[in-house]
Amino acid sequence: MAAPSLAIVANPMSGRDIRRLVAHASVFPNTEKASMVQRLVRAAGAVGVGRVLLSTDTMGVAREVRRRLDADRGRGGLVGADVEFVELDSYTGTAQDTTELVRRMASLGARVLVVLGGDGTVRAAAGSSDLVPLLPLSTGTNNAFPHVWEATVAGIAAGLVTVGALDAAEATYRAKALRVRSGQREEIALVDVCVASMAHVGAKAVWQPETLRELYCAFAEPHAIGLSSIAGIVHPVPRRSPGGVRVCLSPDAPRQVLAPLAPGLVSRVGVAGVVPLLIGAEHPVAVDRGTIAVDGEREIELGPGDLATVTLTADGPLILDVAAALGAAGELGRLDVPAGDAVTAVDGIRDI
């Protein structure tokens, strides 16, 4: 049987959409993504992971990881787990690449999937992750869903679940999801669904506040960035609460709030009303012409006569909670080593 496998998908396109220009935000460099992968591999290897499945790409992330691992081996340094590069027959440069890579990794026996990207990348991964827990790490433009964890710490948590030192039930939770239906088409969002008056999908990213009409959120945190920050300001909803929130928006509404819609972009948004979202309740979209964005990217165009609904569900992806995993590991002694064993400090972890 194959060794327990940790999978890593590093999206080379994350942190590079048009909002980086209109919001004057910096680009998350692919060299840092390669560094994060290297630290994940070392940390996972330190807790017993023997095999890491790593996505390949056409923009140099996987190539840089391979170069660094070869350099480490040449110097006789610590590499960590063995890395197996997972390739696609062809690359589209779209979210479909992430979806297909995750599908292949799941079929190869991945027990945990680490995703380097933003909200859109995690959404694409969730569509084919099935029962494999996801650990989303922020490397995107808007990162309302992924967390900012040091890759070394994340690698330890993911590694412990991968090798079975922690039961997945001790370290994961089931996220909520928003499901959008329009005709025969269905899309999923993990953070928010926004209906705007803009008629065309165009560059996909949403940042013009005067066009926003309806906002549905699975959760809404006051400290978030992106569209869900609007709901987080007026009606916060925790990630693990059993419901969500719907916000009606209008540029001339009596209540106006300032919300961080993208990095460096704080905009005035008119809030016309707030309604709780219940699990399983189907909500018809009231706008008869416009576009629907899922997790910050416009995907569906609505014309006169087109019907669309949004439903909050409790069957989103399994998410690995790093804090819970490491807390359980400490209580259960999963990181203890016998007295007298030789250990070597590497990147803040111990090579056992």
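Residues numbered from 1 in each chain as written. Predicted model: local features only at pLDDT ≥ 70, side-chain atom pairs only at ≥ 80, totals over all residues. Heavy atoms only, no water.

1. Observations regarding the pattern of salt bridges
Any two side chains of opposite charge can pair, given that their charged atoms come close. The tally for this structure, following the rule as stated, stands at 20 salt bridges. For Arg185, the salt bridge identified is with Glu187, shortest N-O distance 2.9 Å. Under the relative-accessibility criterion, Arg185 is labelled partly exposed at 36%. By relative accessible area, which is 15% here, Glu187 ends up buried. A single salt-bridge network, built from bridges that share partners, covers Asp89, Glu100, Arg103 and Arg104. (Salt bridge = Lys/Arg side-chain N within 4 Å of Asp/Glu carboxyl O. Buried < 20%, exposed > 50% of the residue type's maximum accessible area, 1.4 Å probe, protein only.)

2. Some details on the pairing of strand β11 (residues 243-249)
Within β11, six of the seven residues are buried, which leaves the element mostly enclosed by the surrounding structure. Two strands pair when backbone bridges link them, and strand β10 (residues 212-217) and β11 are joined in this way by four bridges, in the antiparallel orientation. By the bridge assignment, Cys217 is partnered in β11 with Val245. Bridge analysis of β11 against strand β13 (residues 265-278) gives seven bridges, and the strand direction is antiparallel. Among the inter-strand pairings, Gly243 is bridged to a residue of β13, identified as Leu278. (Helix = DSSP H or I, 4+ residues; strand = E, 2+ residues; numbered from the N terminus. Pairing = 2+ DSSP bridges.)

3. Focus: the sheet that holds strand β15 (residues 290-294)
Pairing in this open sheet of seven strands is antiparallel, and the strands run β12-β13-β11-β10-β9-β15-β16 from one edge to the other. Each of the sheet's edge strands pairs with one partner strand only, and the pair in question is β12 (255-262) and β16 (297-302). Put simply, the sheet's adjacent strands are angled 30° from each other on average, direction ignored. (Axes fitted to C-alpha atoms, helices over the stretch in contact; angles between N-to-C directions.)

4. A few points about the nonpolar core
With 43 residues, the main nonpolar core has Leu113, Leu178, Val193, Val285 and Ile292 as its most contacted residues. Residues Met36, Val65, Leu135 and Val322 belong to the second largest nonpolar core, which totals 40 residues. (Core = buried A, V, L, I, M, F, W, Y, C linked by side-chain atoms within 4.5 Å.)

5. Notes on the packing of aromatic side chains
In this structure the tally under the stated criterion is one aromatic pair. Against the face of Phe85 rests Arg66, its NZ or CZ located 4.0 Å from the ring centre. (Phe/Tyr/Trp six-rings, centres within 6.5 Å; stacked < 30°, edge-to-face > 60°. Lys NZ or Arg CZ within 6 Å of the ring centre and 35° of its normal.)

6. What about the pairing of strand β17 (residues 308-313)?
Of all the six residues making up β17, six are buried; the element is thus mostly covered by neighbouring parts of the structure. Side chains Ala308, Val310 and Leu312 project from β17 onto one buried face, and the interleaved Thr309, Thr311 and Thr313 project onto a second face that is buried too. Pairing of strand β7 (residues 177-182) with β17 involves six bridges; the strand directions are antiparallel. Within the sheet, the bridge partner assigned to Ser182 lies in β17 and is Ala308. Pairing analysis gives three bridges linking strand β14 (residues 282-284) to β17, with the strands arranged antiparallel.

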